[in-house]
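Listed below, chain by chain, are the residues.
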Amino acid sequence: MTRILIIEDEITIAQLERDYFELNGFAVDLCHTGDEGLALALNGDYNLIIIDLQLPGMDGFELCRRIRLAKEVPILIISAKKEEIDKIRAFNLGADDYITKPFSPS
């Protein structure tokens, strides 16, 4: 089964993402801090990792960088940060795509 890790501090958004993926047959793990997300990402076998940039503890930029150093798993950033510089920075750190909030789950 395809496994997805969602690292998102806003509980309602994390649950919305999880529910959408689970309804479509994916297994989903959730966490709400950068530090917890890093531990799960490095120790788990995920097919996709979704990261919010504004996380407690370690921010999403650093989290993306550290995951990319260790793994080649696809990384999707979903963030309220809409500035072009944030998108460029995320891509330079290893993100595969960047979606701004608000977004449609589909």
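Here the structure is shown first, and the text comes after it.
As the structure is a computational prediction, the values presented were derived from the model and not from experiment.

## A few points about the environment of Glu 72
Within the secondary structure, Glu 72 is located in the loop between helix H3 (60–70) and strand E4 (75–79). Residues Glu 72 and Leu 48 lie 24 residues apart in sequence; the distance between their C-alpha atoms is 9.8 Å.

## Some remarks on the packing of aromatic side chains
A complete count under the given rule lists two aromatic pairs for this structure. Their ring planes at 90° and their centres at 5.8 Å tell us that Phe 21 and Phe 26 sit as a pair that is edge-to-face. By relative accessible area, Phe 21 is classed as buried at 16%. The exposure class assigned to Phe 26 is partly exposed, which follows from its relative accessible area of 29%. An aromatic cluster is built from Tyr 20, Phe 21 and Phe 26, whose rings are joined through pairwise contacts. In this arrangement the basic side chain of Arg 3 is found over the ring face of Tyr 46, its NZ or CZ atom lying 4.4 Å from the centre. Its guanidinium or amino end placed over the ring of Phe 61, Arg 89 lies 4.0 Å from that ring's centre, counting from NZ or CZ.

## A few points about the pattern of salt bridges
Inspection of every chain in the model, using the stated rule, returns ten salt bridges. Lys 101 is the salt-bridge partner of Glu 8, the closest N and O atoms lying 3.0 Å from each other. Of the two residues, Glu 8 sits in the loop between strand E1 (3–7) and helix H1 (11–23) while Lys 101 sits in the segment after strand E5 (97–100), which places them 93 residues apart along the sequence. Take Glu 8 and Lys 101: they sit in the same class, and that class is buried.

## Here we look at the sheet that holds strand E2 (residues 27–31)
Judged by pairing direction, the sheet is parallel, and its five strands sit side by side in the order E2-E1-E3-E4-E5 without closing on themselves. The sheet terminates laterally at E2 and E5, the two strands that pair on one side only. The sheet shows a mean angle of 20° between the axes of neighbouring strands, direction not considered. Along the sheet face, helix H4 (residues 84–92) touches E4 and E5 and points at about 150° away from the line of E5.

## Quick notes on the side chain of Ser 79
Here Ser 79 lies in strand E4. Residue classification places Ser 79 among the buried positions, given a relative accessible area of 0%. At 3.0 Å, the side chain of Ser 79 and the backbone nitrogen of Lys 81 are in polar contact. Once you skip the residues sitting within four places of it in the chain, Ser 79 turns out to touch Asp 52, Leu 53, Tyr 98, Ile 99, Thr 100 and Lys 101.

Thresholds applied
- Residues numbered from 1 in each chain as written.
- Predicted model: local features only at pLDDT ≥ 70, side-chain atom pairs only at ≥ 80, totals over all residues.
- Heavy atoms only, no water.
- Helix = DSSP H or I, 4+ residues; strand = E, 2+ residues; numbered from the N terminus.
- Phe/Tyr/Trp six-rings, centres within 6.5 Å; stacked < 30°, edge-to-face > 60°.
- Buried < 20%, exposed > 50% of the residue type's maximum accessible area, 1.4 Å probe, protein only.
- Lys NZ or Arg CZ within 6 Å of the ring centre and 35° of its normal.
- Salt bridge = Lys/Arg side-chain N within 4 Å of Asp/Glu carboxyl O.
- Pairing = 2+ DSSP bridges.
- Axes fitted to C-alpha atoms, helices over the stretch in contact; angles between N-to-C directions.
- Contact = heavy atoms within 4.5 Å.
- Polar contact = N/O pair within 3.5 Å; in protein donor to acceptor, adjacent residues only side chain to side chain.

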